[in-house]
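In case you want the letters, here they are:
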Amino acid sequence: MEKGNECSTHGGLQQMNKHLSSGSTRVIPSTETGLQQASELIRSGETVAFPTETVYGLGANALDAQAVNKIFQAKGRPGDNPLIIHICSREQLSLVASEVPDEAVKLIDEFWPGPLTLILPKQPGVPLETTGGLQTVAVRFPAHPIAIELIKMCGVPLAAPSANRSGKPSPTSAGHVLEDLQGRIAGVIDGGFCKVGVESSVLDLTVSPPALLRPGAVTAEQISAVLGVNIMAGGGVSNQDGPKAPGMKYAHYAPNGELYLVGHGQAEVETIKQLVRQDQAKGFKVGVLATAETAGLYEADVILACGRRDQLDTIAQGLYPALREFDKLGAQRIYAETYPTEGIGLAIMNRLTKPAGGKRLG
Ligand code: AMP
Ligand code: MG
């Protein structure tokens with residue numbers, strides 16, 4: 001069932017977390033006993049963050065409105081922004097979705113467990129708190145052994161949005177979860193760094209043709225190939241029924257510094273260097289979001305290589321940790337290279353464009 005451990009465990013992290021005062025939030029090891037503790041907390045109506053192959057999720061019993069409300073409180077998330085429900089078997093799907101069309105079955109056969117969330121009609125038993133008042137439900141079967149084991153032990157589907165304060169970059173390590181939610185949640189399971197690094201692809205199957213509301217590691221090209229139709233990115237358009245992906249109207253993934261997208265290539269490197277000099281002359285602390293290939297070309301206050309341009313998967317992995325690092329180092333302006341919008345590149349550019357608020361130079 002599992003596609004292997006999708007989250008690499010870094011031995012140093014548990015060590016590091018010992019140094020972080022955990023307040024009333026327990027750092028829970030990903031052992032059998034740890035997962036038992038976590039599942040007891042969740043069964044008693046608490047919230048616990050856990051690793052998935054995409055990012056860390058903040059889990060609570062998806063069928064318990066009170067528990068779900070604690071997720072919204074801890075994150076400071078608007079109540080009309082619905083949560084993704086995480087399941088650990090295909091059988092559990094019928095608990096949350098009232099219909100599973102053929103298209104869904106094809107996609108499930110191909111991509112579950114994995115980073116693809118499907119929007120389906122909701123079962124009446126799912127509280128409206130979980131779906132932000134919608135009659136549809138977002139559901140996925142994560143490909144991470146810790147997540148799967150935890151959901152199994154809980155015995156209920158888990159609502160689990162990304163375990164960050166609303167508006168901040170999603171966490172890809174237990175340390176990031178604590179940075180945002182220490183003292184606001186019951187616990188976090190330490191499962192190392194997340195392999196994918198950006199949130200799941202979200203596909204709405206309640207409209208025809210299906211709409212990709214959020215690009216992710218399962219790409220538009222892959223979905224199109226399975227369904228035999230051309231799935232267009234950039235769904236989430238409003239209609240009379242309201243916005244299709246309510247989360248899309250909120251600011252996301254933003255570092256504290258102002259982010260500008262510049263482009264990539266030799267000319268853009270020169271542009272970035274010039275912009276950095278101008279901003280430094282005005283007294284700003286300036287950052288560059290570069291790649292392993294280009295980091296050595298820049299001079300700035302903070303230069304971070306989020307991954308390798310010739311392996312876009314590594315850029316996805318390193319993107320959120322880099323945005324968080326800029327905050328820690330106090331970058332006030334950040335100039336970022338851009339990426340081709342194919343494959344995982346579409347998800348990377350989606351996550352970069354939001355905090356840049358459309359500020360694109362070059
Ligand atoms: P997060 O869980 O923080 O990764 O965000 C989940 C994303 O899925 C948000 O953009 C939500 O608006 C979107 N979403 C969740 N449930 C639904 C739904 N029933 N219909 C449309 N979009 C949804
Ligand atoms: Mg989120």
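So, a few notes on the structure that sits alongside this text. Each chain carries its own residue numbering, running from 1 in the direction its sequence is written. Here every chain gets a letter starting at A, and every ligand a number starting at 1, in the order they are written. In view of the model being predicted, local features appear only for residues whose pLDDT reaches at least 70, and side-chain atom pairs are presented and counted only at 80 or more, with totals across whole chains, interfaces and linings using the full set of residues. Each side-chain value is worked out from all heavy atoms of the structure, with water and hydrogens disregarded.

**A closer look at the pairing of strand β13 (residues 258-263)**
With five of six residues buried, β13 is to be regarded as a mostly interior element. Only strands that DSSP links by at least two bridges are regarded as paired with each other. What counts as a helix is a DSSP run of H or I of at least four residues, what counts as a strand is a run of E of at least two, and both are numbered from the N terminus. Pairing analysis gives five bridges linking β13 to strand β16 (residues 333-337), with the strands arranged parallel. Its bridge partner being in β16, Leu261 is matched across the sheet by Ala336. For every residue, the accessible area obtained with a 1.4 Å probe (protein chains only) is divided by the maximum for its type, and the residue is called buried under 20%, exposed over 50%, and partly exposed between those limits.

**Topic: the packing of aromatic side chains**
Note on aromatic contacts: the rings of Phe and Tyr and the six-membered ring of Trp form a pair at centre separations within 6.5 Å, being stacked when their planes are under 30 degrees apart, edge-to-face when over 60 apart, and tilted otherwise. Per the counting criterion, the structure on display carries two aromatic pairs. Judged by centre distance (6.5 Å) and plane angle (70 degrees), the ring pair of Trp112 and Phe141 falls under edge-to-face. Placement of the pair is Trp112 in the loop between α5 (102-111) and β5 (116-121) and Phe141 in the loop between β6 (136-140) and α6 (145-154), with a sequence separation of 29 residues. Taking the relative accessible area as the measure of exposure, Trp112 reaches 7% and is therefore buried.

**Brief notes about the nonpolar core**
In this structure, Leu118 and Leu203 are the most contacted members of the largest nonpolar core, which totals 65 residues. For this analysis, residues touch if any pair of their heavy atoms sits within 4.5 Å. In contact with Leu118, other than residues within four places in its own chain, are Ala104, Leu107, Ile108, Trp112, Val137, Ala138, Val139, Leu203 and Leu205. In this description, a nonpolar core means a group of buried Ala, Val, Leu, Ile, Met, Phe, Trp, Tyr and Cys residues linked to one another through side-chain atoms lying within 4.5 Å.

**Here we look at the pattern of salt bridges**
Pairs can form between side chains of opposite charge once their charged atoms are near each other. We define a salt bridge as a contact between a side-chain nitrogen of Lys or Arg and a carboxyl oxygen of Asp or Glu at a distance within 4 Å. With the rule as written, the count across this model stands at 16 salt bridges. One salt bridge connects Glu53 with Arg140, and the closest N-O pair in it is separated by 2.7 Å. Pair noted here: Glu53 is in the loop between β2 (48-50) and β3 (57-61) and Arg140 is in strand β6, with a separation of 87 residues, a long-range link. On the basis of relative accessibility, which here comes to 1%, the residue Glu53 falls in the buried class.

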